[in-house]
Amino acid sequence: MRGGQGLAEELESCLAEWSERTGIAVETWALPKTDVPSPVSSAVMTVLHEALSNVERHSRARTVSIAVTAGKKGLRMTVSDDGRGFLAAGPGRGIARMRAAFAEIGGNLSVNSVLGQGTTVSGVVPHHE
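Bear in mind the structure is a predicted one, so any value in this text is a computation, not a measurement.

Undergrad: Quick one: what's the story with the nonpolar core, residue by residue and with numbers?
TA: In terms of nonpolar packing, the biggest core is built from 34 residues, with Leu48, Leu75, Met77 and Phe102 touching the most fellow members. Breaking this core down by element, the ones donating at least two residues are helix H1 (3-22), helix H2 (38-59), strand S2 (63-71), strand S3 (74-81), helix H3 (93-103), strand S4 (108-114) and strand S5 (118-126). Sort the elements by how many residues they give to this core and H2 lands first, with nine residues. Each residue touching Leu75, except ones within four places of it in the same chain, is listed here: Val36, Val40, Val44, Val68, Thr69, Ala70, Phe102, Gly123, Val124 and Val125.

Undergrad: Provide a residue-level description of the pairing of S4, including the pertinent values.
TA: Consecutive side chains of a regular strand alternate in pointing toward one face of the sheet and then the other. As paired strands, S4 and S5 are joined by seven bridges and run antiparallel to one another. Opposite Val111, over in S5, you have Val121 as the bridge partner. The turn joining S4 and S5, which pair antiparallel and follow one another in sequence, is formed by three residues; a positive phi near 85 degrees is taken by Gly116.

Undergrad: Can you lay out the pattern of salt bridges for me, pointing to particular residues and giving the numbers?
TA: Summed over the entire model, instances satisfying the criterion amount to three salt bridges. Notably, a salt bridge pairs Glu50 with Arg97, separated by 3.1 Å at the nearest N-O pair. Highlighted residues: Glu50 in helix H2 and Arg97 in helix H3, separated in sequence by 47 residues. Under the relative-accessibility criterion, Arg97 is labelled partly exposed at 45%. Between Arg62 and Asp82 there is a salt bridge whose closest N-O contact spans 3.9 Å. A residue pair is termed long-range when its members are at least 10 positions apart, and Arg62 in the loop between H2 and S2 and Asp82 in the loop between S3 and H3 qualify at 20 residues.

So, how was this worked out
- Residues numbered from 1 in each chain as written.
- Predicted model: local features only at pLDDT ≥ 70, side-chain atom pairs only at ≥ 80, totals over all residues.
- Heavy atoms only, no water.
- Core = buried A, V, L, I, M, F, W, Y, C linked by side-chain atoms within 4.5 Å.
- Buried < 20%, exposed > 50% of the residue type's maximum accessible area, 1.4 Å probe, protein only.
- Helix = DSSP H or I, 4+ residues; strand = E, 2+ residues; numbered from the N terminus.
- Contact = heavy atoms within 4.5 Å.
- Pairing = 2+ DSSP bridges.
- Salt bridge = Lys/Arg side-chain N within 4 Å of Asp/Glu carboxyl O.

What follows is the structure, given as structure tokens:
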């Protein structure tokens, strides 16, 4: 995969396949329109796979919303679901994997969950020359 279009296409393909398999609707708010370096694309896909896996296994969500944007300041990624949420009992292995994927490329990632209202995973990767 190379460039933003490659990432956008990979995201679309992954989301369509996952939605069809799980029966959970996906709303795509934004996909990258510019080139994204390969390490950043890999981290985005790692986080997406883990977030979707968590939604499928734990959340009982009906809808997942995704936004991935890339620009001069870097990349932003948000994955939100309307599931049951969870109480913060310390990060599990999946959350640790997502944070590590973004940390490896100089970014950071947060997970916010409200019991009964869903979970949002947000990540930011600063632009690198």
